[in-house]
Amino acid sequence: MTDKHLIALDLDGTLLTDDKTISEKNKHVIKKAREAGHVVMIATGRPFRSSEMYYHELALDTPIVNFNGAFIHHPLDNSWGVHHSPLSIDVAKDIVEALDDFKFHNIIAEVIDDVYVHYHDEKLMDIFNMGNPNITTGDLRRYLKTSPTSMLIHADEEHVRKIRNHLSEVHAEVIDHRSWAAPFHVVEIVKNGLNKAVGLKKASDYFQIPADRIIAFGDEDNDLEMLEYAGRGIAMGNAVDEVKNIANDMTLTNEEDGIGVYLNDLLNLKAL
């Protein structure tokens, strides 16, 4: 397979091992793929500040998709444009207000690199402090002044479904929401119509690489649209069932160099 491909990599549970590092094997294969002329990019739910180190570790020179498509930019090329699509601040505050009727631990709103935390929580502070953002603690209805890029609701697993049902009933036309389970059970909210596939399409148009030559790897439900958009949507061995069900193919887990093994075979890189 010699045609130029666009390779899109989710981070957590996909490219990254469970200890949040990139294995030497994966790094070597990705380098070989780039040397062979393929284009590699990151598409993650993380903000840029907590994915930037992996971007530089792989020596990438491509656009990056952050906040599941709510923020897309090219770190090395300002002329590429910055695509920021935040939630309405009124909707964000309505959600906070409605959550008074539900059981939850905390709400976090992020405005690019500004983080607003509803209740002070040292464990969450440790997670969101990566990249040294500006952190404000206090009732979001009072302290949040700007439309947020995304919101996160931390709740126990048994309450996540109830919260998501409410969001679907009341705000379906203006927001999209997903859930993830590690390291906390969280409901993630972005503006309606945003997902990683939105960023992937912008990149594929820019590089003039058609969807049938896109290879995308993912493991969670925020990867679904990206894997469906890609000509080859690949589920990790550790992926949730919903991802495995829609994927074109499956590889080994994130702990078994699933990305490196798959790309080495598919692209005939002879790297392993």
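Preceding this section is the structure that the text describes.
In short, a report on the structure. (Residues numbered from 1 in each chain as written. Predicted model: local features only at pLDDT ≥ 70, side-chain atom pairs only at ≥ 80, totals over all residues. Heavy atoms only, no water.)

1. Some words on the pattern of salt bridges
A pair can form between side chains of opposite charge whenever their charged atoms are brought close. This model, assessed by the stated rule, comprises 17 salt bridges. The salt bridge involving Lys-27 is made with Glu-24; its shortest N-O contact spans 3.3 Å. One end of the pair is Lys-27 and the other is Glu-24, both in helix 2 (residues 24-35) and 3 residues apart, which spans about a single turn. Of the residues examined, Glu-24 reaches a relative accessible area of 59% and is grouped as exposed. Note that Lys-201 is salt-bridged to Asp-205, the shortest N-O span being 2.9 Å. (Salt bridge = Lys/Arg side-chain N within 4 Å of Asp/Glu carboxyl O. Helix = DSSP H or I, 4+ residues; strand = E, 2+ residues; numbered from the N terminus. Buried < 20%, exposed > 50% of the residue type's maximum accessible area, 1.4 Å probe, protein only.)

2. Thoughts on the sheet that holds strand 13 (residues 232-235)
If you walk across this open sheet you meet the 8 strands as 5-4-3-2-1-12-13-14, and the pairing is mixed. Because the sheet does not close on itself, it has two edges, and the strands there are strand 5 (83-84) and strand 14 (249-250). Across 4 bridges, strand 12 (residues 214-218) lies against strand 13 in parallel orientation. Counterpart to Phe-217 in the pairing with strand 13 is Ile-234. Here helix 8 (residues 196-207) sits on the sheet in contact with strand 1 (6-9), strand 2 (39-43), strand 3 (64-66), strand 4 (71-73), strand 5 and strand 12, set at roughly 155 degrees to strand 1. Packing of helix 11 (residues 258-266) onto the sheet brings it into contact with strand 1, strand 12, strand 13 and strand 14, and relative to strand 12 it is tilted by some 160 degrees. (Pairing = 2+ DSSP bridges. Contact = heavy atoms within 4.5 Å. Axes fitted to C-alpha atoms, helices over the stretch in contact; angles between N-to-C directions.)

3. Let's talk about the packing of aromatic side chains
Each aromatic ring pair is characterised by the separation of its centres together with the angle its planes make. As enumerated under the stated definition, the model contains 5 aromatic pairs in all. Their ring planes at 75 degrees and their centres at 4.9 Å tell us that Tyr-206 and Phe-207 sit as a pair that is edge-to-face. Members of the aromatic cluster, connected to one another through ring pairs, are Trp-80, Tyr-206 and Phe-207. (Phe/Tyr/Trp six-rings, centres within 6.5 Å; stacked < 30°, edge-to-face > 60°.)

4. What about the pairing of strand 7 (residues 114-117)?
Sheet analysis places strand 6 (residues 106-111) next to strand 7, joined by 4 bridges and oriented antiparallel. Residue Ala-109 lies in a different strand from strand 7, and its bridge partner there is Tyr-116. Counting the residues that bridge the hairpin from strand 6 to strand 7 gives 2 residues, and of these Ile-112 lies at a positive phi of roughly 55 degrees. Where strand 7 and strand 8 (residues 134-137) come together, 4 bridges link them in parallel fashion.

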